[in-house]
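Reading the structure
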Amino acid sequence: MPFDLDKLISEHAGENYALYAAHVNPRFARALSIIGFDRCYARAEGAYLWDTDGRKYLDMLAGYGAFNIGRNHPVVKKALNDFMAADVASLVQMEAPLLCGLLADELKRRVGYGLDYVYFGSTGAEANETAIKFARRATGRSRIVYAASGFHGLTTGALALNGSEVFKENFGDLIASAKVPFGDLPALEQALAAGDVAAFFIEPVQGKGVNIPPEGYLAEAGRLCRKHGALFVADEVQSGIGRTGKFLALHHEDGAEPDMVIVSKSLSGGFVPISAVVMRAGIYDKVYSSLDRAVVHSSTFGKSNFAMVAGLAALSVVDDEGLMDNATAMGDLLGTRLRELAPRYEFIKDIRWRGLMLAIEFGKPKSLKLRAAWKAVNTLNEDLFCQAVTIPLLADHGILTQVAGNRMTTIKLIPPLVVTEADIAWFVSAFDTVMADLHRFPGPAWESLNRIARNALGRGRGKAAAE
Ligand SMILES: Cc1ncc(COP(=O)(O)O)c(C=O)c1O
């Protein structure tokens, strides 16, 4: 019997969570079920998802930022279909693939800074591993400096640069690294001054928490790196490919001069794993230092033609559809509308954004009654208040969002850059309703939160939330 994908899917319809729990990750399946996120999505287009019951959702998460051009974009689909139909030779390995050179050229033009060569990998973590390794080789030093709240992937090298201890706990010794507060130049200079630092890794807008650097920070950080012989590495895995209204978030700042720039996620329009490290020739020359070391760093799928085709098509979509301008316009509209709401709701502490990377940060309210509620949930778990927002956004309003990071009181909005004014209105009106409900304490919103806490944390501790 030949393989039949449609038949396989229809025969197992609705078994998603049972299969996932049995064979992949039972704890994650359970967590999704507790918060009511255990839905079965059947179709996606642009900024929307549809579940198997036909309900439409607004996707404000975009696959963790992989779908800047919108899901299942027809231009990339066509390019990949054309490529499949042509039976092209891929992964020959002992060749120089045409599409790889073309994508590297397109990428370099958009990144700028006179960077010379592109290393292609498959994931953001792999690209960060590459940059760590290359920085160590290029400088002959081993220590890496990174920013608090930073996130660069979860492989063991990149893990050493993770701003959250939760991810690092119990995984043993990691490479030598030092953490500095985000945006703090004196702390950075102090960390660099010992002269043993290979590189400073920074996300020009941080994914965890959506932290936007103070003006001038990135340019000055680069200058300090040069002064102390360290490389300046911009991780644009999440903030790049137009997300903040410019191709790179670094492009918002004059005078920033990176030695390496890392992109991934949306570079292939979300269809195929891809990542790239764009670097100075001096770094490349140190790593690939002779003919017999010409492949001293590589990976089998790194420059797969599937990824290159998707990359070329996705970059053309970003330009042809004016997605960077739309990111700026829709980000400003969303941010402004949310700031207008903020004075009505004590729980809202800050709204900040750059393009379509936006944070809603919650904080301790003023009134005594709400303070008690805030204290109760935060004592249980710092993420819990955010869940009180993300859960009804999905359940009652069909909007998919996420908490901006572990143990954070911030939610992050990173929708596809194709969102429209109607989508922004959909979100703002839903968020308004959810906030109004949460400002009634005691009330139904708090009762359901208490139920979730009880399920997630065990009956005894959950009970404390209500008291
Ligand atoms: C800034 C940044 N760097 C690196 C990574 C890791 O990418 P991946 O999950 O593809 O390994 C991420 C993932 O979210 C990221 O946001």
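The structure under discussion appears in the preceding block.
Below, the structure is looked at part by part.

Each value, and the rule that gives it
- Residues numbered from 1 in each chain as written.
- Predicted model: local features only at pLDDT ≥ 70, side-chain atom pairs only at ≥ 80, totals over all residues.
- Heavy atoms only, no water.
- Near = heavy atom within 4 Å.
- Polar contact = N/O pair within 3.5 Å; in protein donor to acceptor, adjacent residues only side chain to side chain.
- Areas by Shrake-Rupley, 256 points an atom, 1.4 Å probe, with all protein chains shown as cover.
- Helix = DSSP H or I, 4+ residues; strand = E, 2+ residues; numbered from the N terminus.
- Nonpolar A, V, L, I, M, F, W, Y, C, P; charged D, E, K, R; others polar.
- 1 Å grid on protein atoms, 1.4 Å probe; cavity = no way out; pocket = protein on both sides within 12 Å on 5 of 7 lines; lining within 4 Å.
- Points joined across faces, edges and corners; volume = space filled by probe spheres on them.
- Salt bridge = Lys/Arg side-chain N within 4 Å of Asp/Glu carboxyl O.
- Buried < 20%, exposed > 50% of the residue type's maximum accessible area, 1.4 Å probe, protein only.
- Core = buried A, V, L, I, M, F, W, Y, C linked by side-chain atoms within 4.5 Å.
- Domains from an automatic or database assignment.
- Contact = heavy atoms within 4.5 Å.
- Axes fitted to C-alpha atoms, helices over the stretch in contact; angles between N-to-C directions.
- Parallel < 35°, antiparallel > 145°, perpendicular 65-115°, else oblique.
- Left-handed = near helix turned anticlockwise from the far one by under 90°.
- Phe/Tyr/Trp six-rings, centres within 6.5 Å; stacked < 30°, edge-to-face > 60°.
- Lys NZ or Arg CZ within 6 Å of the ring centre and 35° of its normal.

Our focus in this paragraph is the site of the ligand. Near the ligand, the surroundings consist of Thr-123, Gly-124, Ala-125, Asn-128, Phe-151, His-152, Gly-153, Glu-203, Asp-235, Val-237, Gln-238 and Lys-265. A distance of 2.9 Å separates an oxygen atom of the ligand from a polar backbone atom of Gly-124. Lys-265 is positioned such that a nitrogen or oxygen atom in its side chain is 2.8 Å from an oxygen atom of the ligand. Taken by itself the ligand offers 400 Å² of open surface, and the protein chains cover 79% of this. The greatest single-element share of the shell around the ligand, amounting to three residues, is contributed by helix 7 (residues 124-139). The residue makeup of the shell around the ligand, split by class, is three nonpolar, six polar and three charged.

Another aspect to go through is the layout of surface pockets. Approximately 720 Å³ is the volume attributed to the second largest pocket. Surrounding the second largest pocket, 27 residues form its lining, Cys-100, Val-118, Ala-294, Val-295 and Lys-303 being those nearest its centre. When residues of the lining of the second largest pocket are traced back to their parent elements, those giving at least two are helix 6 (98-111) and strand 4 (117-121). If one sorts the elements of the lining of the second largest pocket by residue count, helix 6 sits on top with five residues. Of the residues belonging to the lining of the second largest pocket, the class tally is 15 nonpolar, seven polar and five charged.

For side chains bearing opposite charge, pairing can occur when the charged atoms are close. One pass over the full model with this rule turns up 18 salt bridges. The partner of Arg-110 in a salt bridge is Asp-319, with the nearest N and O atoms 2.5 Å apart. Here Asp-319 lies in helix 13 (residues 305-320) and Arg-110 lies in helix 6, a separation of 209 residues in the sequence. According to the relative accessible area criterion, Arg-110 is buried, its value standing at 17%. Arg-440 serves as the salt-bridge partner of Asp-437, at 2.5 Å between the closest nitrogen and oxygen. Given a relative accessible area of 29%, Asp-437 falls into the partly exposed group.

Turning our eyes to something else, we now look at the nonpolar core. Of all hydrophobic cores here, the largest spans 104 residues; its most connected members are Leu-338, Phe-362 and Phe-427. No fewer than three residues from each of domain 1 (35-69 + 323-466) and domain 2 (74-320) sit in this core. If sequence neighbours within four positions are ignored, Phe-362 has contacts with Phe-347, Ile-348, Lys-349, Trp-374, Phe-385, Cys-386, Val-389, Thr-409, Ile-411, Phe-431 and Met-435. Among the nonpolar cores identified, the runner-up in size contains 24 residues, and Ala-160, Ala-198, Met-279 and Ile-283 belong to it.

Before going further, it helps to spend a moment on the packing of helix 10 (residues 185-192) against helix 11 (residues 217-227). The interhelical angle for the contact between helix 10 and helix 11, taken along N-to-C directions, is 15°, at an axis separation of 10 Å. Overall, the two elements helix 10 and helix 11 adopt an arrangement that is roughly parallel. Helix-helix and strand crossings are classified by hand; for helix 10 and helix 11 the assignment is right-handed. Taken together, the residues of helix 11 that come into contact with helix 10 (itself represented by Leu-185, Leu-188, Glu-189 and Leu-192) are Tyr-217, Glu-220, Ala-221, Leu-224, Cys-225 and Lys-227. Here the residues of the contact of helix 10 with helix 11 are counted per class, giving seven nonpolar, no polar and three charged.

Using the criterion set out here, one finds 20 aromatic pairs in the structure. Here the aromatic cluster, defined as three or more aromatic residues joined through ring pairs, consists of Phe-347, Phe-362, Trp-374, Phe-385, Phe-427, Phe-431, Phe-441 and Trp-446. Over the face of the ring belonging to Trp-50 we find Arg-43, whose NZ or CZ atom lies 4.0 Å from the ring centre. Positioned over the ring face of Phe-67 is Arg-71, at 4.2 Å from the centre of the ring.

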